[in-house]
Amino acid sequence: MEWVEKYRPKSMNDVAGQNKIKEELTNWIEEYLQNGGYHKPLLLAGPPGCGKTTLAYALANDYNFEVIELNASDKRNKNVIQQVVGTAAVSKSLSGRRSLIILDEVDGLSGNEDRGGVSEIIKVAKTAKNPIILTANDPYKLNLSSLRNSVHLVNVNSVHTNSIPPVLRRIALQEGYEVDPKAIKMIASHASGDLRAAINDLESLLIGRTTPMETEDVRNLADRDSKGNIFDAVRIALKTTHYDIAVSTSRDLKEDIGTVQEWLAENIPREYQKPHEIAKAYDYISKSDIYLGRVYRRQHFGFWKYASALMTAGVALSKDEKYRGFIRYSPPTIFTKLSRSKVHRQKTKAVALKIGQKVHLSSKRAMEYMRLLPLIFENDIDASIGLIEYFELTRDEVEFLSKKTIATKIFKQIQKDEKEQAKARKKELKEMKKSNKESNGESKTTTKTKSKKDKSSNSSKENGNSLEKFLNPTKVKKEIEIEVETEVEIEKKEDNSDNLKNMPKSQITLDNFF
Ligand SMILES: Nc1ncnc2c1ncn2[C@@H]1O[C@H](COP(=O)(O)OP(=O)(O)OP(=O)(O)O)[C@@H](O)[C@H]1O
């Protein structure tokens, strides 16, 4: 059991601080016991975790009343109030003990489900013969204005910081933990008067601990004093059943609304227990996401408030009842997952861009087709080599897309093919050179003979005044052209050692590989 429940005071003597309220409560109940009959209900109003419900229960316990509670989780419409409260308010319980009726969080009465609830409470409050205690965080809410006249309003302040350390020390001792008094004081001031929060902090710091808790550990607690603590926002949104309270959680936060959404999405199943509540809460999160998307993509900033209300109040009102237990909330795992997968995502994107450029697709679409590559790499080595060359994939990229062993196999084959191609090329070149030499030899002899013959004209082939040039210009031109062509071809082939670069890229299509 969570410590807040385990150590909830059973008697008013155990309730820390709140001495004035205790006195008021005692007077109120004593008065009832003396006079009997109609008794004006009490409305305990104060911030969360200050002990309103605890005080009501402790009072009932001290005076041996049986408690009939209708809390925010229950439907509290006219009929329910009539049946449960109305009957109990005028009669004794089955056990013969007197009944004390507790209506928790009446400021949460709202919507269709609670229709007519407030007016019925007013009706019952005016005639109740049994004591009724109502609690609220904000008694000045509009729907309570008519109720305020029918009740006796008692303002409960947050617990004084000096009253918190003794409670924490006692709990720690009972749980068998050693704690530094300074650390306890720090937790107390950090809680800003919310004893529930202080006990929860203590539990989260001590549980499973083998070494004594020190002040340094407390420093790591999220900063509750500052407005905009995401832990508190999540806790309030998940715990409350009030629309306004839920919506207000995101108001002063430093975090952007998308982060709040991730936090809520992460922690919904930690807090909510019933599948239909979880489903409903996620449904609201997804609806808020649609609005957020429009804010980000189309700059419809007016949708901001709908996104925020759907995610906070939508999630808050998805539960049937308020869960009182302590829940250890955790930061969204999506962020750690994203940071862990960052390198992977970057590589995927880089390969997708490469492929997209070649086949004129967006990287997003290319990613869809990329899923086929590992299959091809595994099953068809020729097609794989063709694709790797066409997309100019590096060995690293192939390893990334499939497996190291498969990449090794493919690249071995590529090397083998390249060696064979190089050999074939060399042979081809040799043959070409040989045939060139032969044809050069022939033309040189002819030129020599002719130049000998034409010595008189003192001309030479080099200076372009050969007689041959005049006698047979087309032949000489052809020979020169062959020579030049051969040179160019040799140079070209030497430069383009990689077969891939010689491909007429613009004409290739994917079909070439299958
Ligand atoms: N004055 C107190 N003395 C001892 N324990 C307290 C006191 N106030 C609160 N607590 C502890 O905090 C827990 C929550 O208190 P409680 O439910 O009474 O708060 P509340 O004011 O009714 O809050 P809410 O408005 O959220 O319902 C209790 O279970 C109890 O363990």
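No experiment lies behind these values; they were computed from the predicted model shown. Counting starts from 1 at the beginning of each chain's written sequence and moves along it residue by residue. The model is predicted, so local features are restricted to residues of pLDDT at least 70 and side-chain atom pairs to those at 80 or more, both for listing and for counting; the totals for chains, interfaces and linings are taken over all residues. Side-chain calculation: all heavy atoms of the structure are included, whereas hydrogens and water are not.

A run of H or I in DSSP becomes a helix once it reaches four residues, and a run of E becomes a strand once it reaches two; helices and strands are each numbered from the N terminus. Across its full length, the protein chain carries 24 helices and five strands. Note on classification: 1.4 Å probe, protein chains only; a residue is buried when its accessible area is under 20% of the maximum for its type, exposed when over 50%, partly exposed between these limits. By residue count, 43% of the 514 residues in the protein chain fall in the buried class. Sequence-distant contacts in the protein chain: of pairs separated by 6 or more residues, those separated by 24 or more amount to 76%. Calculation of accessible area relied on Shrake-Rupley with a 1.4 Å probe; when residues are assessed, cover is drawn exclusively from the protein chains displayed. Accessible surface, the protein chain: about 29500 Å² in total, of which carbon and sulfur atoms supply 52%. We call two residues in contact whenever any of their non-hydrogen atoms come within 4.5 Å of each other.

Attention shifts here to the environment of asparagine 200. For asparagine 200, the position within the fold is in helix H9 (residues 195-206). A relative accessible area of 9% means that asparagine 200 is categorised as buried. In this structure, the C-alpha to C-alpha distance between asparagine 200 and isoleucine 187, residues 13 residues apart in sequence, is 10.0 Å. Sequence-distant contacts of asparagine 200, defined by excluding residues within four places in its chain, comprise Val4 and Phe326.

Looking now at the site of the ligand. Taken together, 18 residues lie near the ligand, and Val4, Ala16, Lys52, Thr53 and Thr54 sit nearest. Each polar contact in these results corresponds to two N or O atoms within 3.5 Å; when the atoms are within protein, one needs to be able to donate a hydrogen and the other to accept it, and residues that are neighboring in sequence are counted only if both atoms are side-chain atoms. Between cysteine 50 and the ligand, the recorded distance is 3.2 Å, taken from a backbone N or O atom to an oxygen atom. Within the side chain of arginine 196, one N or O atom sits 3.1 Å away from an oxygen atom of the ligand. Starting from 620 Å² of accessible surface for the ligand in isolation, the protein chains cover 99%. Broken down by class, the residue content of the shell around the ligand amounts to nine nonpolar, five polar and four charged. Domain start and stop positions are those given by an automatic or database domain assignment. Domain assignment of the residues forming the shell around the ligand places at least three in each of domain 1 (18-155) and domain 2 (161-219). We call a residue near a molecule or strand when any one of its heavy atoms sits within 4 Å of it. Gly counts as polar in this scheme, as do all residues outside two lists: the nonpolar Ala, Val, Leu, Ile, Met, Phe, Trp, Tyr, Cys and Pro, and the charged Asp, Glu, Lys and Arg.

It is worth spelling out the packing of aromatic side chains at this point. Each Phe, Tyr or Trp ring (for Trp, its six-membered ring) is paired with any other whose centre lies within 6.5 Å, and the angle between the two planes then decides the class: stacked below 30 degrees, edge-to-face above 60, tilted in between. Per the stated rule, a full pass over the model turns up nine aromatic pairs. Between tyrosine 296 and tryptophan 304, the aromatic rings sit 6.1 Å apart at their centres with planes inclined by 90°, giving edge-to-face as the arrangement. You can call tyrosine 296 partly exposed: its relative accessible area is 44%. Residue tryptophan 304 is classed as partly exposed on the basis of its relative accessible area, which comes to 32%. Measuring from centroid to centroid gives 6.3 Å for phenylalanine 303 and tyrosine 306, while their planes differ by 55°, and the two rings are tilted. We classify phenylalanine 303 as partly exposed; its relative accessible area is 25%. Given the relative accessible area of 40%, tyrosine 306 is considered partly exposed. The rings of Tyr291, Phe303 and Tyr306 are connected pair by pair, giving a single aromatic cluster. Sitting over the ring of tyrosine 390, lysine 358 keeps its end group 5.2 Å from the ring centre. By definition here, charges over rings are those cases where NZ of Lys or CZ of Arg is within 6 Å of the ring centre and within 35 degrees of the ring normal.

With that out of the way, let us pick up the sheet that holds strand E5 (residues 152-155). Any two strands between which DSSP finds at least two bridges are classified as paired. Taken in spatial order, the five strands make up an open sheet running E2-E3-E4-E1-E5, and their pairing is parallel. The open sheet has two edge strands, strand E2 (66-70) and E5, and neither has a second partner. Neighbouring strand axes in the sheet, compared pairwise and without regard to direction, differ in orientation by 20° on average. Sheet topology note: the strand E3 (residues 99-103)/strand E4 (residues 132-136) ladder contains three bridges and is parallel. The residue bridging leucine 103 from the neighbouring strand is leucine 134, located in E4. With axes taken as lines fitted to C-alpha atoms, and helix axes fitted only over the stretch in contact, angles between N-to-C directions fall between 0 and 180 degrees. Running at roughly 155° to E5, helix H2 (residues 19-35) makes contact with strand E1 (42-45), E3, E4 and E5 of the sheet.

Turning our attention to the side chain of glutamate 397. Tracing the sequence through the fold places glutamate 397 in helix H21 (residues 395-401). Note on glutamate 397: relative accessible area 16%, which makes it buried. The contact partners of glutamate 397, leaving out residues within four places of it in the chain, are Val351, Lys354 and Glu392.

Further remarks concern helix H13 (residues 257-271). An α-helical segment advances 3.6 residues per turn. Residues three or four places apart therefore align on the same side. Helix span, expected: 1.5 Å multiplied by one less than the number of residues in the helix. An ideal rise of 1.5 Å per residue puts 21 Å on 15 residues; H13 measures up with 20 Å between its terminal C-alpha atoms. Here the bend at a residue is taken as the angle between two axes, fitted respectively to the seven residues that end there and the seven that start there. Of all the bends in H13, the greatest, near 25°, is centred on alanine 265, and the proline proline 269 appears no more than four residues after it. As for H13, its buried residues are in contact with helix H11 (230-239), helix H14 (275-298), helix H15 (304-316) and helix H16 (333-340).

Following the UniProt record, one finds the feature "binding site: ATP" (unreviewed entry) at Gly46, Pro47, Pro48, Gly49, Cys50, Gly51, Lys52 and Thr53. You can see glycine 46 is positioned in the loop between E1 and helix H3 (52-62). Accessibility expressed as a relative area gives 6% for glycine 46, which makes it buried. Discounting residues that sit within four places of it in the chain, glycine 46 has contacts with Lys52, Ala136, Asn137 and Val156. Structurally, lysine 52 can be placed in helix H3. With residues up to four places along the chain from it excluded, the contact list for lysine 52 reads Leu44, Ala45, Gly46, Pro47, Thr135, Ala136, Asn137 and Val156. UniProt positions are given in the numbering used here, feature names are shortened, and annotations may be inferred rather than shown by experiment.

Glancing now at the pattern of salt bridges. Each salt bridge in this description consists of a side-chain nitrogen of Lys or Arg and a carboxyl oxygen of Asp or Glu lying within 4 Å of one another. Under the definition given, this model contains twelve salt bridges. Arginine 270 serves as the salt-bridge partner of glutamate 266, at 3.0 Å between the closest nitrogen and oxygen. On the criterion of helical spacing, the pair formed by glutamate 266 and arginine 270 is a turn pair, its members being four residues apart in helix H13. In this structure glutamate 266 comes out as buried when scored by relative accessible area, which is 17%. When its relative accessible area of 33% is taken as the criterion, arginine 270 is described as partly exposed.

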